[in-house]
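What follows is each chain in one-letter form.
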Amino acid sequence: MGAGNSKGRGKAAKASAAMAAVAGLVVKNVPTKPYEGQKTGTSGLRKKTKEFVQENYLANWVQSLFSALGDEIKGQSLGLGGDGRYFGKEGAQIIIKLAAGNGFKKVVVGQNALMATPAASALIRRRKLYGGLIMSASHNPGGPENDFGIKFNYTGGEPAPERITDKIYGETTKVSVLNIADIPDVDLSKVGVTKFGDFEVEVVDPVEDYLATLKSVFDFDLLKGFLARKDFSLVFDAMHAVTGPYAKRILVEELGAPASCVKDGVPSPDFNGGHPDPNLTYAEELVKIMWSDPSPSFGAASDGDGDRNMILGHKFFVNPSDSVAIIAANAQACIPYFKGGLKGVARSMPTSGALDRVAADLNVPFFETPTGWKFFGNLMDAGKCSVCGEESFGTGGDHIREKDGIFAVLSWLSILASKNKDVPEGGQLVTVQDVSVAHWKKYGRNFFSRYDYEECASADANKMVDHLRSVIAAAKPGDKFGEFTLSAADDFEYTDPIDGSKASKQGLRFIFTDGSRIIFRLSGTGSSGATIRLYIEQYTSDPAKLLLDAQEALAPIIKVALEVSKLQEFTGRTSPTVIT
Ligand SMILES: O=P([O-])(O)O[C@H]1O[C@H](COP(=O)(O)O)[C@@H](O)[C@H](O)[C@H]1O
Ligand SMILES: [Mg+2]
């Protein structure tokens, strides 16, 4: 918790506020004291809202970011928005005053402080902004009792690289003054420009720039024609989070789908009490719709800030590791932006090897990165990666530098539109399941599953990790684990091929001679306790096994994973909280 109590902090602020003129503004230099624990995780700073609402907690982190960036930010423009969760509107006002006080000349903020993560990335790129701040804790629940978060995206629209996040953390441990412009709150409900001296705030429609980017990727006429078919229907679950306005504008107004296709499309500060994580557990209402008879032909959901996605067919779940492989395999033929072919593809280490096989078939470069979208940025900037994805429901392309839920949805709709071009209305529609099964028949199937053990005691999780490290240290190729023979075991380390930077301790891996893998990681996106992630993968090209249930197919290797980790012994957990 923070050093120094907030009462003292407030008094000090009033007592010693100094005044200085910056760009025609009065700037107060407000004393503050560091809070402990403001280190960014896999994607920004995510904490309980209760921590964030403490005096100067958010301001400290933002000031630390601006201090870390130094003179670079003077006279620049900053993007701003969030996923609509509790404290976002207040947070926006704090950030605008700090931006003005630290020398930015402009803030471009989404109306009502809304901006999906991929839309922020598109906004930064299209408007050539210096960077942007996104207030979101992604898929974590929101509201006063749950989570809040903030992350910084840099000039190319990409999540801040570690060299910046490390610097921010350093600043948070010594921050002592907040530079706050003495300006009133800005009305964020109306699109338009407000000026304060040389500083201005532009409130923008949060969909506009993103939509323009998507129009440069997809054939909107093809999609519109496809959605007009009477034998095709879709449902998009925005989970009461930020993608509601995006889905309404893009799917309904632009592409002509009926308004009723958008489920839970009004952003709510606490996501209506829900957990806006598009997976089989938390998107259970959508799952129920897609598992009913009859159901819409296509179902999709997005997370709090719109970067994750889940794709469903009738009674069919597309594993995210398969989804990116299927999109990559079909991109050139079905998506105009990729018509010249893919420059390369990439996946995070725990993501299944389905994409590897597509890369080999297309004969394009392939990269395996640590978990975290930030690792794809350099590859994309260097022109080495067009499509990438993660098992954690993240899929994207190099049109922006964030994963993009609606991109995944439009990619799948483009694939379906293209495969059904010659199918007359009322004929045998090629379905999501058909596309997936055809893919497995061509490439084989990488059975994949992830077990999440959420909110374990950190000490227990760390003990399990230590135990696994000792198992790895003693393991030798050829060792038997159940019916599996070890090929290699290590802690994944990545050297960025573009800038040579190294990321170590990125996941404990057991790789077997048949290509099967068991991987353990601790999540970097939780806000309390530790979440253990166990990833299991096994490949088959046996036509008789392609359609097996993934849990059934993986049962023997899951047993090995639980035995080798002694997970139950260390954590007391007998079953995961989420299975993907
Ligand atoms: O939470 P989001 O949607 O921003 O997504 C973030 O977290 C995911 C899960 O990370 P972890 O396994 O450490 O929890 C990462 O795969 C992703 O790259 C990152 O952007
Ligand atoms: Mg997210």
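Here the structure is a predicted model, which means the values were calculated and not measured. (Residues numbered from 1 in each chain as written. Chains lettered and ligands numbered in written order. Predicted model: local features only at pLDDT ≥ 70, side-chain atom pairs only at ≥ 80, totals over all residues. Heavy atoms only, no water.)

1. Some remarks on helix H7 (residues 208-215)
Consideration 1: Where H7 is concerned, the buried positions are Asp209, Tyr210, Leu211, Thr213 and Leu214.
Consideration 2: Looking at the buried side of H7, the elements it contacts are helix H5 (117-126), helix H8 (220-227), helix H9 (243-254) and helix H14 (405-419). (Buried < 20%, exposed > 50% of the residue type's maximum accessible area, 1.4 Å probe, protein only. Helix = DSSP H or I, 4+ residues; strand = E, 2+ residues; numbered from the N terminus. Contact = heavy atoms within 4.5 Å.)

2. Points about the sheet that holds strand E6 (residues 131-135)
Consideration 1: On the basis of which strands lie adjacent, the open sheet formed by 7 strands has the order E3-E7-E6-E4-E5-E10-E9 and mixed pairing. The open sheet has two free edges, formed respectively by strand E3 (45-48) and strand E9 (192-196), since each of these has just one partner strand. Sheet twist, expressed as the mean angle between neighbouring strand axes with direction ignored, is 15°.
Consideration 2: With 5 bridges joining them, E9 and strand E10 (residues 199-204) adopt antiparallel strand pairing. Among the inter-strand pairings, Val193 is bridged to a residue of E10, identified as Glu202.
Consideration 3: Helix-sheet contacts for helix H4 (residues 88-101) involve strand E4 (77-82), strand E5 (106-114), E6, strand E7 (147-153) and E10, and the interaxial angle to E5 is about 175°. (Pairing = 2+ DSSP bridges. Axes fitted to C-alpha atoms, helices over the stretch in contact; angles between N-to-C directions.)

3. Side note on the site of ligand 1
Consideration 1: Close to ligand 1 lie 19 residues, the nearest being Glu390, Lys403, Gly524, Thr525 and Arg533.
Consideration 2: Within the contact set of ligand 1, an oxygen atom lies 3.4 Å away from a backbone nitrogen or oxygen of Gly372.
Consideration 3: With the chains in place, 99% of the 470 Å² that ligand 1 exposes on its own is no longer accessible.
Consideration 4: Applying the majority rule of atoms within 2 Å of the grid points places ligand 1 in the largest cavity.
Consideration 5: Among the residues making up the shell around ligand 1, the classes are represented as 1 nonpolar, 10 polar and 8 charged. (Near = heavy atom within 4 Å. Polar contact = N/O pair within 3.5 Å; in protein donor to acceptor, adjacent residues only side chain to side chain. Areas by Shrake-Rupley, 256 points an atom, 1.4 Å probe, with all protein chains shown as cover. 1 Å grid on protein atoms, 1.4 Å probe; cavity = no way out; pocket = protein on both sides within 12 Å on 5 of 7 lines; lining within 4 Å. Sits in = over half its atoms within 2 Å of the grid points. Nonpolar A, V, L, I, M, F, W, Y, C, P; charged D, E, K, R; others polar.)

4. With respect to the sheet that holds strand E21 (residues 480-481)
Consideration 1: An order of E21-E22-E25-E26-E27-E20-E28 is seen for the 7 strands of this open sheet, with the pairing classed as antiparallel. At either margin of the open sheet sits one strand with a lone partner, and together these are E21 and strand E28 (578-579).
Consideration 2: Alignment of strand E20 (residues 445-456) against E28, held across 2 bridges, turns out to be antiparallel. Counterpart to Tyr451 in the pairing with E28 is Ile579.
Consideration 3: Together, E20, E21, strand E22 (484-491), strand E25 (508-512), strand E26 (517-522) and strand E27 (530-540) form the strand contacts of helix H16 (residues 458-474), whose direction differs from that of E25 by roughly 40°.

5. Regarding the environment of Glu552
Consideration 1: Here Glu552 is to be found in helix H17 (residues 550-565).
Consideration 2: Glu552 sits in the exposed class, given a relative accessible area of 55%.
Consideration 3: Along the backbone, Glu552 and Phe447 are 105 residues apart, and their C-alpha atoms lie at a distance of 9.9 Å.

6. Side note on the UniProt feature "domain: Alpha-D-phosphohexomutase alpha/beta/alpha" (unreviewed entry) in the protein chain
Consideration 1: Those residues carrying the UniProt feature "domain: Alpha-D-phosphohexomutase alpha/beta/alpha" (unreviewed entry) are residues 38-174, 209-312 and 321-424 in this numbering.
Consideration 2: End-to-end, the C-alpha atoms of residues 38-174 are 11 Å apart, and along that stretch the chain is 38% helix and 23% strand.
Consideration 3: Each end of residues 209-312 is marked by a C-alpha atom, and these two atoms are 28 Å apart; helix forms 33% of the span and strand 14%. (UniProt positions renumbered as here; feature names shortened; annotations may be inferred.)

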